[in-house]
Amino acid sequence: MFNLNNSYQYKLNSMPRGKDYVGQITNNCEAPLRSLTIDLESNCFLCSCDGWLPIPIGKVQDFNSFNDVFSSPNARIIQKDIQDKKFTWCAVDHCGIKSQDIRYMRYEIAINIDESCNLKCPSCRRESIMHTQGSEFERKLKDINTIISWLQNFNESIHIVLTGNGDPLASHIIRPLIKNYQPKDNQVFTFVTNGLLIKKHLAESPIFSQIKNYRISVDAGSEQSYLLTRGGSWKVLLENFEFLNQHNKQELVTLNFCVQKNNYQDIPKFIELCRKYKFYGHIHHLDDWGTWPDAMPTNPDVWTIKNGSFNEHNVLYNLHPQYKDCRQIVNTEIKKLNDNRILFGNRLKELLSL
Ligand code: SF4
Ligand code: SF4
């Protein structure tokens, strides 16, 4: 029914789908009527995760408005399939539909069209990526301006999530939305960011007051491990935390910590950091994004010699030499935790048998 290119076909085959599920799912999902994710190629998906429902229904330039997106012929096919409880293309083992209804209080759009970033964390990328010119840059700029026009002409309440691939504050493509867009009262934002450019780009932004959620990846509790996991300036990061505090944003901020060999000993310091700034903290497992090789190859390239392999960093693997040490640190912190602002991820606890 859908003619998928290799990469979406690969995604489709990478997880069990509803078409293969032998049981009956009776729960309802509103995602195809409310949720839109846009990926690097500016393809549109009717779910909060394009891996869960990897069926592109068209590109940004195919649509003039949100209503166009949700009422397009391809959207109708997906909506009907889900309303009929078939979930043909849905990652039913992962998205939560087997255990509960999936509802949306308002519309949601995740804009993931640019992977530009001011950092190059070894877990994420081998080279810096920063688009500032050329045909791809112009295409993406056209797309963000189209999305802005959708937002300008949309009257329903909507949550705008920036961004799943790079840093929205470093991106020259997302910048028109940050610098020039005048949001409506019912348009709220989540920023997924490394936090280093918050003060620089948000202080004067018309959307600053509409940002209701900051998810800041830190992966460290000290300058020393921050340099290893992220390679950014700890001093600048703390200046940005101060800025958020001065603007009373504490309740809106979650610091993220992804446990790995270079930072697990920092977990107590990270918790202290969250407490100091009165931010929420989320400590979770390391995902394999395919940047590191799984294991050290026989003839490693220069980058791999310097940065190692996933297995070397994945201290949550039970045969890793530092697994027990990590387990003990996490266990100690969980036991003495009396702060519901700090969360340890379930998968992390599972991997550490806690
Ligand atoms: S059922 Fe799951 S995969 Fe399908 S649209 Fe809903 S949340 Fe996405
Ligand atoms: S800050 Fe985020 S997007 Fe940027 S390189 Fe690091 S992990 Fe990737």
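Everything that follows concerns the structure shown earlier in this document.
Residues numbered from 1 in each chain as written. Chains lettered and ligands numbered in written order. Predicted model: local features only at pLDDT ≥ 70, side-chain atom pairs only at ≥ 80, totals over all residues.

Novice: I'm lost on the overall build of the chain in this one. Help?
Specialist: A count of helical and extended segments in the chain gives 14 helices and 9 strands. The C-alpha radius of gyration computed for the chain amounts to 21 Å, which stays within 12% of the reference 20 Å derived for 354 residues, consistent with globular compactness. Structurally, the chain occupies a C-alpha span of about 55 × 50 × 45 Å along its principal axes. Each of the 354 residues in the chain was classed as buried or not, and the buried ones make up 37%. Here the analysis covers contacts within the chain between residues at least 6 apart in sequence; of these, 71% occur between residues at least 24 apart. (Helix = DSSP H or I, 4+ residues; strand = E, 2+ residues; numbered from the N terminus. Rg over C-alpha atoms; globule rule 2.2 N^0.38 Å. Buried ≥ 20, exposed ≤ 12 C-beta atoms within 10 Å, placed from the backbone. Contact = placed C-beta atoms within 7 Å.)

Novice: Could you clarify how one ought to interpret the site of ligand 2 in this entry?
Specialist: Neighbouring ligand 2 are the residues Cys 117, Leu 119, Lys 120, Cys 121, Cys 124, Arg 125, Gly 166, Asp 167, Asn 194 and Ser 217. Classifying every residue of the shell around ligand 2 by side-chain character gives 4 nonpolar, 3 polar and 3 charged. (Near = placed C-beta within 6 Å. Nonpolar A, V, L, I, M, F, W, Y, C, P; charged D, E, K, R; others polar.)

Novice: Sorry if this is basic, but what is going on with the site of ligand 1 here?
Specialist: In the vicinity of ligand 1 there are 13 residues, among which Cys 29, Cys 47, Trp 52, Cys 90 and Cys 95 approach most closely. Each residue belonging to the shell around ligand 1 can be placed in one class, and the counts come to 13 nonpolar, no polar and no charged.

Novice: What exactly am I supposed to notice about unusual backbone geometry here?
Specialist: Peptide bonds are, in most cases, trans, and in most cases residues other than glycine have a negative phi. Note that the residue after Leu 162, namely Thr 163, is joined by a cis bond; omega there is -10°. Positionally, Thr 163 belongs in the loop between strand S4 (158–162) and helix H6 (175–179). Positive phi values are uncommon outside glycine, yet Phe 87 reaches one of about 55°. Counting through the fold element by element, Phe 87 comes out in the loop between helix H4 (73–83) and strand S3 (107–111).

Novice: Sorry if this is basic, but what is going on with the pairing of S3 here?
Specialist: Taken residue by residue, a regular strand's side chains alternate between the two faces of the sheet. Sheet analysis places strand S1 (residues 35–38) next to S3, joined by 4 bridges and oriented parallel. Across the sheet, residue Ile 38 finds its bridge partner in S3, namely Ile 111. In this structure, S3 lies alongside S4, joined through 4 bridges in parallel fashion. Counted as the bridge partner of Ile 109 is Ile 160 from S4. Regarding the hand of the β-α-β motif, the stretch spanning S3, helix H5 (residues 135–152) and S4 is right-handed. (Pairing = 2+ DSSP bridges. Right-handed = clockwise from strand over helix to strand, strands pointing away.)

Novice: Can you walk me through the pairing of S4 in this structure?
Specialist: Where burial is concerned, most of S4 is hidden: 5 out of the 5 residues are buried. Side chains of S4 alternate between two faces, with Ile 158, Ile 160 and Leu 162 and His 159 and Val 161 buried alike.

Novice: Before we go on, may I ask you to explain the sheet that holds strand S8 (residues 280–284) in this structure?
Specialist: The strands making up a sheet associate through backbone hydrogen bonding, with each pair oriented either parallel or antiparallel. The strand order across the open sheet built from 9 strands is S2-S1-S3-S4-S5-S6-S7-S8-S9, with neighbouring strands paired in mixed fashion. Across the chains shown, the open sheet's two edge strands, defined by having one partner strand only, are strand S2 (44–45) and strand S9 (342–344). With 5 bridges connecting them, strand S7 (residues 253–258) and S8 associate as parallel partners. Counted as the bridge partner of Phe 257 is Ile 283 from S8.

Novice: Would you explain the environment of Ile 147 in this entry?
Specialist: If you trace the backbone, Ile 147 turns up in helix H5. Judged by the 24 C-beta atoms lying within 10 Å of it, Ile 147 is buried. Setting aside residues no more than four positions away along its own chain, Ile 147 makes contact with Val 60 and Ile 111.

Novice: Explanation requested: H4 in the structure shown.
Specialist: An α-helix turns once every 3.6 residues. As a result, residues three or four positions apart point the same way. All buried positions along H4 are accounted for by Ala 75, Ile 78 and Ile 82. Within H4, the buried residues cover an arc of 70° as seen down the axis, which keeps them to one side. What points out from H4, more than 90 degrees from its buried face, is the exposed set Pro 73, Lys 80 and Gln 83. On its buried face, H4 is in contact with helix H2 (31–34) and helix H3 (66–70). Where H4 terminates, the next one or two residues include Lys 85, which has phi positive at roughly 60°. (Arc of directions from axis to C-beta.)

Novice: Help me understand the nonpolar core in this model?
Specialist: Soluble globular proteins tend to pack their nonpolar side chains together in the buried interior. Counting 82 residues, the largest nonpolar core has Leu 46, Cys 90 and Val 259 as the members making the most contacts within it. With 5 residues, helix H10 (residues 267–277) is the single largest residue contributor to this core. When sequence neighbours within four positions are dropped, the list of residues in contact with Val 259 reads Tyr 264, Ile 283, His 285, Leu 286, Val 315, Leu 316, Cys 326 and Leu 348. (Core = buried A, V, L, I, M, F, W, Y, C linked by C-beta atoms within 7 Å.)

Novice: I tried to follow the packing of H10 against helix H13 (residues 323–336) on my own but got confused; where do I start?
Specialist: The axes of two packed helices give the description: the angle between them and the distance between them. Contact pair H10 / H13: the axes reach a minimum separation of 10 Å and the direction vectors enclose 35°. Taking contact as the criterion, the partners of Ile 267, Pro 268 and Ile 271 in H10 are, on H13, Ile 329, Val 330 and Glu 333. Of the residues in the contact of H10 with H13, the class split is 5 nonpolar, no polar and 1 charged. (Axes fitted to C-alpha atoms, helices over the stretch in contact; angles between N-to-C directions.)

Novice: Would you mind showing me how to read the environment of Phe 154 here?
Specialist: For Phe 154, the position within the fold is in the loop between H5 and S4. Placed 88 residues apart in sequence, Phe 154 and Phe 66 show a C-alpha to C-alpha distance of 7.2 Å.

Novice: What is the right way to read the environment of Phe 243 from this model?
Specialist: Mapping Phe 243 onto the fold places it in helix H9 (residues 234–246). On a C-alpha basis, the gap between Phe 243 and Ser 48 in space is 30 Å, while along the polypeptide they are 195 residues apart. Discounting chain neighbours no more than four positions away, the residues touching Phe 243 are Ile 198 and Lys 199.

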